[in-house]
Amino acid sequence: MPFVSQIKRQTDYNLFSSTTPIVIDNGASNFRIGWAGENDPRVIFRNIVQRPRHKTTGPRSAFDSNVVYQFEIMEYILDFGFDRLGANGSEIDHPVLITECILNPVQSRSKMAELLFETYGVPSVAFGVDAAFSYKYNQQHGICEKDGLAICPGFTTTHVIPFIDGEPVYKGCSRTNIGGYHVTDYLKQLLSLKYPHHMARFSWEKKGTKEAEEKTRCWQLPWVPPPIEEPPSEEEIARKAAIKERQGQRLREMAEAKKSSRINEFENQLRGLEFLLQQLEKVEESEISYFLKDTGYVSRQEIESALAKVTQSLRKVKGEPKGEQAEVEEKTDEKYPLVNIPDNMLTPDQVCLFQLVDHMFFCCEVPVSAVCRIELREKRRQMFLKTTSDGRQRAKQKRVEEDLERERKNQLDEKKRLENPELYLGEMRTKYKELCEKVEQRKRLKTNGNNSNGNGMSGGVGRGERLNAAQRERMRLLTTAAFDRGKGEDNFGAKDEDWQLYKLMSKDNDEDDEGPDEDETELSRVSSRLQEIDPTFVPKPEPGPSQSAADTPRSRPLTKEDFQILLGVERFRCPEILFHPNLVGIDQAGLDEMAGVSMRRLSSKDQVLEERLTNSILMTGGSCLYPGLSERIEAGIRMIRPCGSPIKVVRALDPVLDAWRGASLYADAVQFPQQVFSRMDYFEKGEDWLRRYQFQYTL
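Just so you know, these numbers come straight off a predicted model, no measurement behind them. Going along each chain's sequence as written, the residues are numbered from 1 onward. With the structure being a predicted model, the display of local features is reserved for residues of pLDDT at least 70 and the display and counting of side-chain atom pairs for 80 or more, all residues being used for whole-chain, interface and lining totals. Hydrogens and water molecules were not included; the side-chain quantities draw on all heavy atoms of the structure.

Observations regarding the sheet that holds strand E1 (residues 22-26)
Rules: For two strands to be treated as a pair, DSSP must find no fewer than two bridges joining them. The way it works is that DSSP assigns letters per residue, a run of H or I at least four long becomes a helix, a run of E at least two long becomes a strand, and they are numbered from the N terminus. In this analysis, two residues are considered to be in contact whenever any of their non-hydrogen atoms come within 4.5 Å of each other. Interaxial angle, 0 to 180 degrees, is taken between N-to-C directions of lines fitted to C-alpha atoms, where a helix line uses only the stretch in contact.
Read from one edge to the other, the open sheet built from six strands follows the order E3-E2-E1-E6-E7-E18, with strand pairing classed as mixed. Every other strand in the sheet has two partners, leaving strand E3 (43-46) and strand E18 (677-678) as the edge strands with one partner each. The strands touched by helix H3 (residues 130-140) are E1, strand E6 (96-100) and strand E7 (124-129); relative to E7, the strand with the most contacts, the crossing angle is about 75 degrees. Those strands touched by helix H22 (residues 658-667) are E1, strand E2 (30-35) and E6, and its axis lies near 155 degrees from that of E1.

This is the structure we're talking about:
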């Protein structure tokens, strides 16, 4: 059952006389305090302490197993309990009945008496076993008999206490260090292994929630569904399109203004340079350096070069086509004079004129053989430079043509869009979908075309038709090499030519990997165009370079089912550790075996007494609330008892509160003052007298 704390401060403390005892059920899990004679405790809270400024240390308990040993923490617990009960000062002028575990060590009992007498000044104290109070309370209600066994699976320990004539027999008691905490911790471990993504949500403080109690098979973790994005309305789409159009118009105006400013700047520079050249024509040759002293130029050639650059920049800004190829580029014949001369017609004079060695012109006399080598080397160098330059020019021209073609297509698209926007948008979406399908199909064939037959099944049907040129060439080389080596003796590798086969096979001239094809380029253009004209368009994400389109993980939105914890075998596997503690590494006896041990420890080996004990077995304590636990205990005890022995296992009326209620009835009896240990006795006889202190449960 879920834990519900009651910490509201009481206001009727002064209405009770000083002879009314205060009853405290000091359990390892919960602390309960109230007045004698009442049916329920006034204050209930967890028996742990945590300082707000030390949250990293976690909650601390005063118990080691079920024995109090941290009395500094116990003092905090008692301070809070007495304050919530309504006590105004530090002095408590009421007798106190407090529960303890079975066979509590004398040192723990004496420290508790010292704390109550010297710190709180209570007049008298009585110590009783919680399981015994619960047994006596249920005996008064006819649940169990005078002779029987009390099985008390608690928070950290489990006890079995035999009762004869209504009194506990301490020498027949047995204990094992396993309880409800270990069951909960074992459940946490199993669920953490089963649901590692929700490991941070599992803690033993959260296991007793209402959701877990009502739904024993499914535990719903806190989950907030993501907001559902509704598609934008036509008004919203029109509003966004209008905003985007205004932004685009503003950007175009800014770009036009910037373009006009640059054109004016370049035109001013061009007029200035032309005027400077006109003035330079009127200046004599000897006065040119003096004339150019304040202009920043040193020669006519520098001015002409600057004029050419400004003219080229002005044409680029205006978007005009570039001038003749001969005007823009340097003359090839002047830059590479040795390219068109045959090798047998090269002369030393040409080498002396054009060969550059170590940044100096080669003009000294050399042997004829050296001259020939220098001629050929210089010619090869010029041919390489010319080829590289031509390649750059072709690539540049190709880019210019592509830009012009793209601009032409954009102008045509814009014209179509202005004529009929809806029809144009539908055509663009259809075209985008077709291009996406073509590109994805091509990538699939390229990725796993060699391992599938086109219908998703593995096979080799039509495999040769899907191989590219490089793959077919590699297969031909392998087939030829295998056929030639199979005719006679295998001497592959004896010749240097044999190793050229590996070089040919390693060449990958696959045209598919040279770059994006026309479909991908067109897809990119259509996608960018749709993003400009359609605010609701979202392009498809492309897979990364390390994974193919077929292997791309497809994520889905989280749902309510992703935050559900399904409890299967854990529902009965976890409570089973009460009968087999070795499942969690504790080498001790289980509940059924402990019952047999307790009966064997009794001095009298009376068969009739043992039958009376097994005929009245009471389960009490919070851990006996598991469904089916009484049947499981009965089945376990029946296996260790003779055939036909009467066995009856019952559960307490309220396994959690019956201990406090039994102590409350006992403290309200007239004979209770005879069972207390007074403050006068404590100061007169000392702590050692507590060794002989014996509590009588039958009044």
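Some thoughts on a positive patch on the surface
Cut-off, in case you're wondering: Here a patch means residues that are over 30% exposed by relative accessible area and free of salt bridges, tied together within 9 Å if like-charged and within 5 Å if nonpolar (Val, Leu, Ile, Met, Phe, Trp, Tyr). To measure how exposed things are, a 1.4 Å probe is used in the Shrake-Rupley method; for residues, cover is taken only from the protein chains shown. When a carboxyl oxygen of Asp or Glu is within 4 Å of a side-chain nitrogen of Lys or Arg, the pair counts as a salt bridge. His is not counted, nor are the chain ends, whereas Lys and Arg count as positive and Asp and Glu as negative. The location of each charge is read from NZ of Lys, CZ of Arg, CG of Asp or CD of Glu.
A cluster of like positive charges, contributed by Lys258, Arg262, Lys316, Lys396 and Arg399, occupies part of the molecular surface. Residue assignment for the positive patch shows that the elements contributing at least two residues are helix H6 (234-281) and helix H12 (368-419). As for its placement among the helices and strands, Arg399 is situated in helix H12.

Some details on H3
Going by this rule: Only protein chains enter the accessibility calculation, which uses a 1.4 Å probe; a residue whose area is less than 20% of its type maximum is buried, one above 50% is exposed, and one in between is partly exposed.
For H3, a buried count of nine out of eleven residues is recorded, marking the element as mostly surrounded by other parts of the structure. Check the buried side of H3 and you find it contacts E6, E7, strand E8 (148-153), strand E9 (158-164), strand E16 (617-619) and H22.

Some words on the packing of aromatic side chains
The condition is simple: The criterion for an aromatic pair is that two Phe, Tyr or Trp rings (for Trp, the six-membered ring) have centres within 6.5 Å, with stacked assigned to planes under 30 degrees apart, edge-to-face to planes over 60 apart and tilted to the rest. Two thresholds decide whether a charge sits over a ring: the Lys NZ or Arg CZ must be within 6 Å of the ring centre and within 35 degrees of the ring normal.
Taken as a whole, this structure holds 18 aromatic pairs when the rule is applied. Centroid distance Tyr666 to Phe695: 4.8 Å. Interplanar angle 45 degrees. Geometry classified as tilted. Pair noted here: Tyr666 is in helix H22 and Phe695 is in the segment after helix H23 (679-685), with a separation of 29 residues, a long-range link. By the burial criterion, Tyr666 is buried, and Phe695 matches it. One aromatic cluster is present, built from ring pairs that chain together Phe117, Phe127, Phe677, Tyr682, Phe683 and Tyr693. Taking NZ or CZ as reference, Arg632 lies 4.2 Å from the ring centre of Phe579, over its face.

Remarks on unusual backbone geometry
Notably, Leu103 is not glycine yet its phi reads approximately 55 degrees, a positive angle. Phi is positive for Asp165, close to 55 degrees, though the residue is something other than glycine. Positionally, Asp165 belongs in the loop between E9 and strand E10 (167-168).

Thoughts on the packing of H3 against H22
Where we set the bar: For this classification, under 35 degrees means roughly parallel, over 145 means roughly antiparallel, 65 to 115 means roughly perpendicular, and everything else is oblique. Note that Gly is not counted as nonpolar here; it falls among the polar residues with everything else outside the nonpolar set of Ala, Val, Leu, Ile, Met, Phe, Trp, Tyr, Cys and Pro and the charged set of Asp, Glu, Lys and Arg.
As a packed pair, H3 and H22 sit with axes 7 Å apart at the nearest point and diverge in direction by 75 degrees. In terms of orientation, H3 and H22 fall into the roughly perpendicular class. Of the residues in H22, those in contact with Asp130, Phe133, Ser134, Tyr137, Asn138 and Gln140 of H3 are Asp658, Ala659, Arg661, Gly662, Ala663, Leu665 and Tyr666. For the contact of H3 with H22, the residue count by class is six nonpolar, four polar and three charged.

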